[in-house]
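In case you want the letters, here they are:
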Amino acid sequence: MLSFRESLRFLLYFSRLCGLAPISVDFRGSGTISSSRLGIIYSILVAIAYGSFHVASSIFNLSEKEEHNIITNVINYYNRYSRLVLFWVCIGNALINQRRIIQTFNLIENVDKLFATELNIHSNHAKFSRLVFLEIFIYLLSVFALEWNNCLMYISGIGIFNNYCMSMCLIPLIVATADQILFINLVYLIKERLAIISGFLTTKQRRVIKVKEGHKINGHLLKTVHMLYHFEHEVENLKVKMVQSKNTRVYIKTASVGYSRLYEASNLLNCAYGIPNAYTIFIRFVSLTTLAYSSCMRVLRLDDNDAEHIKKVPGIIGWIMLNFTEMLIFCLMCHRMKEEAAIIGRQLQCFRVENCHAPDVDEAIGVFSHQIHHQRIEITPCGFFTVDLSFIFALIATVTTYIMILIQFDISQKQLVNQK
């Protein structure tokens, strides 16, 4: 059976290669997850080496024709340096917040051990490992295909050319997305542990209902057939209920401890990835807006009448779909984690109704309910907003609004040029 640490191989190897995981992990499970000096040195060297290469290539190896369109020029300079800043933000965050990331891994591993010993429930680590591998493979394949067809950095097509265009564009793209993959999979791990708690409560609730139905049938039979043994049977039932009540109280406390550790892990994620998430969302928003604007200008033939520029529209739409898919997965995973925490609260109240005859169980459920109310698990980048599915609709509305503004600005600019 695959262990928790062994399931992290693909994720950590990919993150280490990108300089985003300067941590040491013993995949056999004997040691502790700790910081790695070699990993820190490697991350610093990657940041310095690529930063110098990117700046030098942009300045000394670039042949550029100026464009009369102000918006297009601004987009070109933004595309040239925004990903480099994101690259530095991701690696700097990995170095600064490595202790929080390590603590998050340790908390999730402790929750797995708690559920295995107290509840006899084991997570599906093999499934997680396969999902990580497929996620990385599909993303790399998509990025290489789109970049080969149409470079994202110089997608405007105004005559910009660079000999190192592929490397300048691919490296920051891969590193920034590797950072998001690491974050999203940590959110996925927390979500799966929350799902274990809600599933366990649902299973226990069904067992309580079956036991109660069995007691009703046995009660009728005792009244009609075994009246003399009624008192002895009731005593036995009382003993069974006491044992069940004690076990249920232990289960509730175990679930409460697990939830508390998962809440702490989500808080660590919020603190560690607040700035990178906020900046990444900003980059995605601007990329979606500029890409949609570029495709609209080509389709409307306001930018150029050359058919050669229209041929780039499918490549631009591919980049739009990739960026939107990344944002959708990011918001969907955060939303599902938030919903799993809410499902636990609802299942707990149903479980409370079925165990109202046991005061000690009712007290434990009450404490757990207050804990869920005050310890809300959600992702809030720097506290600016809550990431869930509603954020996607707000993003679509905002992007559409800005596209209309940019197109109107471009039309008015062309009219002024024609009048002169």
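Residues numbered from 1 in each chain as written. Predicted model: local features only at pLDDT ≥ 70, side-chain atom pairs only at ≥ 80, totals over all residues. Heavy atoms only, no water.

Looking only at helices and strands, the protein features 12 helices and 4 strands. Expressed as a percentage of its 420 residues, the buried residues of the protein come to 48%. Of the roughly 21300 Å² of accessible surface on the protein, 64% is carried by carbon and sulfur atoms. (Helix = DSSP H or I, 4+ residues; strand = E, 2+ residues; numbered from the N terminus. Buried < 20%, exposed > 50% of the residue type's maximum accessible area, 1.4 Å probe, protein only. Areas by Shrake-Rupley, 256 points an atom, 1.4 Å probe, with all protein chains shown as cover.)

Bringing a nonpolar patch on the surface into the picture now. There is a patch of nonpolar side chains on the surface, built from Phe10, Phe133, Leu134, Phe137, Ile138 and Leu141 and spanning about 600 Å² of accessible area. Ranked by residue count, the leading element in the nonpolar patch is helix H5 (residues 125-149), at 5 residues. On the secondary structure map, Leu141 appears in helix H5. Exposure remark for Leu141: the relative accessible area of 52% places this residue in the exposed category. (Patch = residues over 30% accessible without salt bridge, like charges linked within 9 Å, V, L, I, M, F, W, Y side chains within 5 Å. Salt bridge = Lys/Arg side-chain N within 4 Å of Asp/Glu carboxyl O.)

By size, the foremost hydrophobic cluster in this structure holds 104 residues, and its most contacted members are Phe105, Phe183, Leu194 and Tyr259. For this core, the element with the most residues is helix H6 (residues 165-224), which contributes 22 residues. Setting aside residues up to four positions removed in sequence, Phe105 forms contacts with Phe4, Leu8, Leu12, Ile23, Ile33, Leu182 and Leu186. (Core = buried A, V, L, I, M, F, W, Y, C linked by side-chain atoms within 4.5 Å. Contact = heavy atoms within 4.5 Å.)

A word on the side chain of Thr177. On the secondary structure map, Thr177 appears in helix H6. Residue Thr177 is classed as buried on the basis of its relative accessible area of 5%. In this structure the side chain of Thr177 is engaged in a polar contact, spanning 2.9 Å, whose partner is the backbone oxygen of Leu173. The contacts of Thr177, once residues within four sequence positions are left out, are Tyr139, Arg284 and Glu326. (Polar contact = N/O pair within 3.5 Å; in protein donor to acceptor, adjacent residues only side chain to side chain.)

The next subject is the packing of helix H1 (residues 9-17) against H5. In contact at an axis separation of 8 Å, H1 and H5 are set at 40° when each is read in the N-to-C sense. With respect to H5, the axis of H1 lies oblique. From H1, Phe10, Leu11 and Phe14 reach across to H5, where they touch Phe128, Ser129, Val132, Phe133, Ile136 and Leu140. Partitioned by chemical class, the residues of the contact of H1 with H5 number 8 nonpolar, 1 polar and no charged. (Axes fitted to C-alpha atoms, helices over the stretch in contact; angles between N-to-C directions. Parallel < 35°, antiparallel > 145°, perpendicular 65-115°, else oblique. Nonpolar A, V, L, I, M, F, W, Y, C, P; charged D, E, K, R; others polar.)

What follows deals with the pattern of salt bridges. Throughout the structure, instances matching the rule amount to 5 salt bridges. With a closest N to O distance of 2.6 Å, Asp112 and Arg193 form a salt bridge. Taken together, the positions of Asp112 in helix H4 (residues 98-119) and Arg193 in helix H6 put the pair 81 residues apart, joining distant regions of the chain. Its salt-bridge partner being Lys191, residue Glu192 comes within 2.6 Å of it at the nearest N-O pair. The exposure class of Lys191 is buried, given its relative accessible area of 1%.

In this model, the protein carries an average pLDDT of 78, and 75% of its residues clear a pLDDT of 70 or more. Mean pLDDT across the elements of the protein ranges from a minimum in strand S4 (residues 161-162), with 47, to a maximum in H1, with 90. A low-confidence stretch, residues 156-161 stays under pLDDT 50, and its non-local contacts, those more than four residues away or across chains, total 21 contacts. Scored below 50 in pLDDT, residues 208-217 makes 9 contacts in the model with residues more than four places away or belonging to other chains. (pLDDT = per-residue confidence, 0-100.)

This part covers the environment of Ser7. Residue position: Ser7 is located in the segment before H1. Beyond its immediate chain neighbours, meaning those up to four positions away, Ser7 contacts Leu2, His125, Phe128 and Ser129.

In this section: unusual backbone geometry. The backbone of Asn120 shows a phi angle near 60°, a positive value even though the residue is not glycine. Here Asn120 shows up in the loop between H4 and H5. Owing to a relative accessible area of 60%, Asn120 belongs among the exposed residues under this scheme. The phi dihedral of Cys382 is positive, around 60°, even though this residue is not glycine. Structurally, Cys382 can be placed in the loop between helix H11 (359-374) and helix H12 (389-419).

The next point concerns H1. Taken together, the buried positions of H1 are Leu11, Leu12, Phe14 and Ser15. The buried residues of H1 occupy one face: seen down the axis, they fall within an arc of 165°. (Arc of directions from axis to C-beta.)

Using the criterion set out here, one finds 0 disulfides in the structure. Left unpaired, Cys18 is separated from the closest cysteine sulfur, that of Cys90, by 9.8 Å. In this model Cys382 remains outside any disulfide bridge; the closest cysteine sulfur is found in Cys271, 9.7 Å from its own. On the accessibility criterion, Cys382 (39% relative accessible area) is partly exposed. (Disulfide = S-S within 2.5 Å.)

For the rest of this paragraph, the subject is the packing of aromatic side chains. Overall, the coordinates contain 12 aromatic pairs when judged by the stated rule. Considering the side-chain rings of Phe10 and Phe133, the 5.1 Å spacing of their centres and the 50° angle between planes classify their relative orientation as tilted. Of this pair, Phe10 sits in helix H1 while Phe133 sits in helix H5, placing them 123 residues apart in sequence. On the basis of relative accessible area, Phe133 is assigned to the partly exposed category, the value being 43%. The rings of Phe10, Phe133 and Phe137 are connected pair by pair, giving a single aromatic cluster. (Phe/Tyr/Trp six-rings, centres within 6.5 Å; stacked < 30°, edge-to-face > 60°.)

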